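One letter stands for each residue in the lines below.
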Amino acid sequence: MSQGTSPAIPGLHHVTAISGPPQGNLDFWVRILGQRLVKRTVNFDDPGTYHLYYGDQNAAPGSIMTFFPFVDAGPGRAGAGMASAVAYAIPDLDLRMGDLAEAAIDFEGPFERFGEPAIAMRDPDGLRVELIEGGARDGGFHSVTLWLEDVTSTAAVLEAMGYEREAEEATATGGTGGTETHIRYLSTDPERGSAVDLMTSDARSIGRSGAGTIHHVAFRARDREEQLEWRARLSAVGQQVTPVIDRQYFDAIYFRTPGGVLFEIATDTPGFAVDEDPAHLGEALKLPEKYEAHRNRIEQVLPQIRVPS
Ligand code: ZN
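One structure accompanies this document, and this report is about it. (Residues numbered from 1 in each chain as written. Predicted model: local features only at pLDDT ≥ 70, side-chain atom pairs only at ≥ 80, totals over all residues. Heavy atoms only, no water.)

## A look at helix H4 (residues 224-236)
Where we set the bar: Comment: elements are numbered from the N terminus, with helices defined as DSSP H or I runs of at least four residues and strands as E runs of at least two. Expected span, for any helix, means 1.5 Å times one less than how many residues it has. For every residue, the accessible area obtained with a 1.4 Å probe (protein chains only) is divided by the maximum for its type, and the residue is called buried under 20%, exposed over 50%, and partly exposed between those limits. Of all possible arcs, the one meant is that of the directions from the helix axis to the C-beta atoms. Whenever two N or O atoms come within 3.5 Å, that pair is a polar contact, provided that in protein one can donate a hydrogen and the other can accept it, and provided that, for residues adjacent in sequence, both atoms are side-chain atoms.
Under the 1.5 Å per step criterion, the end-to-end length of H4 is 18 Å for 13 residues, consistent within 8% with the ideal 18 Å. The set of residues buried in H4 consists of Glu-226, Gln-227, Trp-230 and Leu-234. End-on view of H4: buried residues confined to an arc of 100 degrees, all on one side of the axis. Relative to its buried face, H4 has exposed residues pointing more than 90 degrees away, namely Glu-225 and Ala-236. Where H4 starts, the residue carrying a side-chain oxygen 3.2 Å from the main-chain nitrogen of Glu-225 turns out to be Asp-223.

## Section: the sheet that holds strand S8 (residues 128-133)
Rules: In this scheme, strands are said to pair when DSSP sees at least two bridges between them. Each axis is a line fitted through C-alpha atoms, taken for helices only over the stretch in contact, and angles between the N-to-C directions span 0 to 180 degrees. For this analysis, residues touch if any pair of their heavy atoms sits within 4.5 Å.
Pairing is mixed across the open sheet formed by eight strands, whose spatial order is S6-S7-S8-S5-S9-S12-S11-S10. With one partner strand each, in any of the chains shown, strand S6 (108-113) and strand S10 (163-171) form the two edges of the open sheet. The mean inter-strand angle of the sheet, taken between neighbouring strand axes irrespective of direction, is 25 degrees. By the bridge criterion, six bridges tie strand S5 (residues 82-90) to strand S9 (residues 141-147) in an arrangement that is antiparallel. The residue bridging Tyr-88 from the neighbouring strand is Phe-141, located in S9. Most of the contacts of helix H1 (residues 22-32) go to strand S7 (residues 116-122), to which it runs at about 155 degrees, and overall it touches S5, S7 and S8.

## Focus on the side chain of Asp-189
Tracing the backbone shows Asp-189 in the loop between strand S11 (180-187) and strand S12 (195-201). A polar side-chain atom of Asp-189 sits 3.0 Å from a polar atom in the side chain of Arg-222. Ignoring sequence-local partners within four residues, the contact set of Asp-189 consists of Ala-8, Ile-9, Pro-10 and Arg-222.

## Topic: the sheet that holds strand S14 (residues 245-246)
Strands pair in a sheet through their backbones, by hydrogen bonds, and they do so in one of two ways: parallel or antiparallel. The strand order S2-S3-S4-S1-S13-S16-S15-S14 describes an open sheet built from eight strands, whose pairing is mixed. Looking at the sheet topology across the chains shown, the edges are occupied by strand S2 (36-43) and S14. Here strand S15 (residues 250-256) runs beside strand S16 (residues 262-270); their pairing, made up of six bridges, is antiparallel. Its bridge partner lying in S16, Ala-252 is registered against Ala-266. Of the strands in this sheet, strand S13 (214-221), S15 and S16 are in contact with H4, which crosses S16 at around 160 degrees.

## Points about the coordination of the zinc ion
Note the following rule: Any N, O or S atom lying within 2.8 Å of the metal counts as a donor, and for Na, K and Ca the limit rises to 3.2 Å; water is left out, so some sites can look incomplete.
The protein atoms that coordinate the zinc ion are His-14 (NE2), His-216 (NE2) and Glu-264 (OE), at distances of 1.9 to 2.0 Å. Between the donor residues of the zinc ion, the gaps in sequence give the motif H-x201-H-x47-E. Separated by 202 residues along the polypeptide, His-14 in strand S1 (residues 12-19) and His-216 in strand S13 bring together distant segments of the chain. A residue is classified by how much of its surface remains accessible, and His-14, at 2% relative accessible area, is buried. The class of His-216 is buried, set by a relative accessible area of 6%.

## As for the nonpolar core
Our working rule: Side-chain atoms within 4.5 Å link the members of a nonpolar core, which is a set of buried Ala, Val, Leu, Ile, Met, Phe, Trp, Tyr and Cys residues.
Counting residues in hydrophobic clusters, the biggest one holds 62 residues, and the most contacted among them are Trp-29, Met-65, Leu-146, Met-161, Val-217, Phe-219 and Phe-263. Examining the composition of this core, we find that five residues originate from one element, H1, more than from any other. Among the nonpolar cores identified, the runner-up in size contains 13 residues, and Ala-218, Ala-252, Tyr-254 and Ala-266 belong to it.

## Concerning unusual backbone geometry
The omega torsion of the bond from Gly-109 to Pro-110 falls at 10 degrees, within 30 degrees of zero and hence cis. With respect to the helices and strands, the residue Pro-110 is situated in strand S6. Here the amide bond leading from Thr-269 into Pro-270 is cis, since omega sits at 0 degrees, within 30 degrees of zero. Mapping Pro-270 onto the fold places it in strand S16. The phi torsion at Ala-104 lies on the positive side, around 60 degrees, for a residue other than glycine. Among the secondary structure elements, Ala-104 is positioned in the loop between helix H2 (93-102) and S6. Phi at Phe-114 takes a positive value of approximately 50 degrees, unusual for a residue other than glycine. Position of Phe-114 relative to the elements: it lies in the loop between S6 and S7.

## What about empty space enclosed by the protein?
Any empty space left between atoms is shown by rolling a water-sized probe over those atoms. Defined as follows: Only protein atoms enter the 1 Å grid used here, on which a cavity is any set of points holding a 1.4 Å probe that cannot leave and a pocket is any open set flanked by protein within 12 Å on both sides along at least five of seven lines; residues with an atom within 4 Å of a point are listed as lining. Grid points are joined across faces, edges and corners, and a volume is the space filled by probe spheres set on the points.
Within the structure shown, the criterion is met by one cavity of 30 Å³ or more. Of the pockets and cavities examined, the largest cavity occupies roughly 30 Å³. Residue lining of the largest cavity: Pro-22, Gly-48, Thr-49, Tyr-50, Pro-69, Val-71 and Pro-303, and that is the complete set. Per element, the largest residue contribution to the lining of the largest cavity is three residues, and it comes from strand S3 (residues 46-55).

## Some thoughts on the packing of aromatic side chains
Given two aromatic rings, their pairing is described by the distance between the two centres and the angle made by the two planes. Short version of the rule: Under the pairing criterion, centres of Phe, Tyr and Trp rings, with the six-membered ring standing for Trp, must be within 6.5 Å; the plane angle then separates stacked pairs below 30 degrees from edge-to-face pairs above 60, leaving the rest tilted. Charge-over-ring contacts are defined here by two conditions on Lys NZ or Arg CZ: a distance within 6 Å of the ring centre and an angle within 35 degrees of the ring normal.
Under the counting rule described, the total for this entry stands at 13 aromatic pairs. Aromatic pair Tyr-88 and Phe-141: ring centres 5.1 Å apart, planes at 35 degrees, arrangement tilted. Of this pair, Tyr-88 sits in strand S5 while Phe-141 is found in strand S9, placing the two residues 53 residues apart along the sequence. The two residues Tyr-88 and Phe-141 agree in class, both being buried. Among the aromatic residues, those joined into a ring-pair cluster are Phe-28, Trp-29, Tyr-54, Phe-67, Tyr-88 and Phe-141. Positioned above the aromatic ring of Trp-230, the side-chain terminus of Arg-233 is 4.4 Å from the ring centre.

Rendered as structure tokens:
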């Protein structure tokens, strides 16, 4: 980072959510949304459960959506203090709406979000997915929405991460069923990356973690050095940040924002090609070293899945 400029996070890295059984999740995210399964591994804390990663063709940071598909997950519900929606940037909304209509797939909209045309869908577990024409880059995340009781404390954390308030609008298009206020934050990093929308709603919903809810939102650090700088900066403004945790495809640090949402900062390095050929990402079950000795048992316990073509 050059001296004299304020450092800023270059956008989202990934978003992690909880789902029900894996096959319905795969069918929706690959067949309907057109994402690529870029990693098939297990929950490192619970190797009898998959951890499935979806992304663009290059498995680029900023396009990665991950799921823990618990076979017996109870239904969750978005509410204040949780990330409540992810949005993808797409090049041509009319074309996409035509495809969805032809496949008889329901969606809400079109509507406008900060002047850009958008639609919204629910995945099989009820997770809200928005498709917005415009944004930083096609195929990656356009934005993530954080539903908050009050935006002040979360806004302060984002500002410490180099985000700036861009715009505000009152609307009823965030899926809460009430009148909402969306405040958009964008990174001041030259790469900008995905937006973060802070939302409040007059709809009352007690959030409950479970299938169809987002577990955490991960932001990018280009490398380990940048990540350690962020760890020091965030600790200095009072965040309780975990030590660096090795997640095989990136290094991670976590902190719970005062508004309730769990944030992570994940490194771009080493990336998803660290343990398999980039042309064949997601085709084989990949296990971290500590579980290789138990591969047979793990493969017996995991449900069979089939990646749609
Ligand atoms: Zn994560």
